[in-house]
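A structural walkthrough
Chain residues, written in single-letter form:
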Amino acid sequence: MLNLILLHGALGHNDIFKPFKEELSKYFTIHTPLFSGHGNLEIPSNGITIEKYTQELKEFIEKENLNDIYIFGHSMGGYVALCYALQDSSKLNSIMTLGTKFDWTEDQASKESKMLNPDVIAEKIPKYAELLEAQHGSKWRKLLPEIAEMMISLGKNPPLKGNLSTINTPVQIMVGDQDNMVTLEQSIEVYRSLPNAKLAVLPETKHPLDKVRQSLLLNLMKDFWSLS
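Structural notes, computed from the coordinates.

**Brief notes about helix H8 (residues 184-193)**
Every buried residue belonging to H8 is among Gln186, Ser187 and Val190, and all of these are buried. For H8, the angular spread of the buried residues around the axis is 100 degrees, confining them to a single face. Relative to its buried face, H8 has exposed residues pointing more than 90 degrees away, namely Glu185, Glu189 and Arg192. In the core, the buried residues of H8 are packed alongside strand E5 (171-176) and strand E6 (197-202).

Below you can see the structure in the form of structure tokens.
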């Protein structure tokens, strides 16, 4: 059977894909790996980087001996998927990204990382703090600065910059028209830089995956992957 890997975003969790699994499992064997530091997985002693997460995806594919792979990546998960395609596309059929930020600069990374202060989040957005604790346990406070460091590293050395034209895997770039983290302009620029890409703009759609209309996303997946 065809294999579909669903990749969560930074500070996300694979639980987010539960509403989609029943329908997608009609067409694929579903895989929902967790990136290290997330869920019940420990934070790596040598820190978190996009390169490390790309290696984790590669190791997961090798360990599970997967072929005929389709990937859907939300936010950071989409960035990791394209980084993997850059390294080895031999087992990949196609990639879909949603709400993935591509144009990382040092200034942008610095601004984003400053928003990941656990004390500020606990005080200003207590419900989000509760969600982070429920998903990642008490280590969520340590995970936030690690993700902030990853963003800064991305800003200094974005691995996809200047390399998108070498990715021949079919890709669909998707962005919500109300996404406050990712602009339509940057998504269009990436879509135009990829040699084999499509673009979809989701109406009335914000960044969090749980805010995306399930039927809308499933229909886009079925259309791009020619599922009937």
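After that view of the structure, there is still more to cover.
**Brief notes about the side chain of Asn14**
For Asn14, the position within the fold is in the loop between strand E1 (2-7) and helix H1 (18-24). According to the relative accessible area criterion, Asn14 is buried, its value standing at 14%. Beyond its immediate stretch of four places on either side in the chain, Asn14 contacts His8, Thr32, Pro33 and Leu34.

**Some details on the packing of helix H2 (residues 50-63) against helix H3 (residues 76-87)**
Viewed as axis vectors pointing N to C, H2 and H3 meet at an angle of 70 degrees, and their least axial separation amounts to 9 Å. By the criterion of interaxial angle, the relationship of H2 to H3 is roughly perpendicular. When you trace H2 past H3, the crossing you get is right-handed. Here H2 contributes Ile50, Tyr53, Thr54, Leu57, Lys58 and Ile61 to the contact with H3, which in turn contributes Met76, Tyr79, Val80, Ala81, Cys83, Tyr84 and Gln87. Here the residues of the contact of H2 with H3 are counted per class, giving ten nonpolar, two polar and one charged.

**Let's talk about H2**
Taking 1.5 Å per residue, 14 residues should reach 20 Å; H2 reaches 20 Å between its end C-alpha atoms and fits that length. For H2, the set of buried residues is Ile50, Tyr53, Thr54, Glu56, Leu57, Phe60 and Ile61. The buried residues of H2 occupy an angular sector of 155 degrees when projected down its axis, which confines them to one face. At its buried positions, H2 is contacted by E1, strand E2 (28-31), strand E3 (69-74), H3 and helix H7 (140-156). Asn65 sits one or two residues past H2 and shows a positive phi near 55 degrees.

**Structural notes on the sheet that holds E2**
Spatially, the six strands line up as an open sheet ordered E2-E1-E3-E4-E5-E6, and their pairing is parallel. The outermost strands of the open sheet, each flanked by one partner alone, are E2 and E6. Looking at each pair of strands side by side, their axes are set apart by 15 degrees on average, direction ignored. Relative to E3, E1 runs parallel, the two being bridged by five bridges. Looking across to E3, one finds that Leu7 is bridged to Gly73. On top of the sheet, H2 reaches E1, E2 and E3; it is set at about 150 degrees to E1, its chief contact. In this fold helix H9 (residues 214-224) packs onto E3, strand E4 (92-98), E5 and E6, with an angle of close to 155 degrees to the strand it touches most, E4.

**Side note on the environment of Lys26**
Along the chain, the position of Lys26 falls in the loop between H1 and E2. Assessed through its relative accessible area of 54%, Lys26 is described here as exposed. Residues Lys26 and Leu227, spaced 201 residues apart in sequence, show a C-alpha to C-alpha distance of 9.8 Å. Polar contacts involving the side chain of Lys26 include one to the side chain of Glu23, which spans 2.8 Å.

The rules behind these values
- Within each chain, residue numbers correspond to sequence positions counted from 1 in written order.
- Totals for whole chains, interfaces and linings use every residue, but because this is a predicted model, local features are given only for residues with pLDDT of at least 70 and side-chain atom pairs only at 80 or more, for both listing and counting.
- Computation of side-chain values covers all heavy atoms of the structure but excludes hydrogens and water.
- With a 1.4 Å probe rolled over the protein chains alone, any residue whose accessible area is under 20% of its type maximum counts as buried; one over 50% counts as exposed, and the rest are partly exposed.
- Numbering of helices and strands starts at the N terminus; helices are DSSP runs of H or I of at least 4 residues and strands are runs of E of at least 2.
- Starting at the helix axis, one direction is taken to each C-beta atom, and the arc is that of these directions.
- Contacts: residue pairs with any heavy atoms within 4.5 Å of one another.
- Every angle, taken between N-to-C directions, lies between 0 and 180 degrees, and every axis is a line fitted to C-alpha atoms, over only the stretch in contact when it is a helix.
- To sort the angles, those under 35 degrees are grouped as roughly parallel, those over 145 as roughly antiparallel, those from 65 to 115 as roughly perpendicular, and the leftovers as oblique.
- Two helices that cross are described as forming a left-handed crossing if the nearer one is turned anticlockwise from the farther one by less than a right angle, and a right-handed crossing if clockwise.
- Each residue gets one of three labels, nonpolar for Ala, Val, Leu, Ile, Met, Phe, Trp, Tyr, Cys and Pro, charged for Asp, Glu, Lys and Arg, and polar for the others, Gly among them.
- To estimate the expected span of a helix, subtract one from its residue number and multiply by 1.5 Å.
- DSSP-based pairing: two strands are paired if at least 2 bridges between them are found.
- Polar contacts, as counted here, are pairs of nitrogen or oxygen atoms within 3.5 Å of one another; within protein the pair requires one atom able to donate a hydrogen and one able to accept it, and residues that are adjacent in sequence qualify only if both atoms are side-chain atoms.

Honestly, it's all geometry; don't read function into it.
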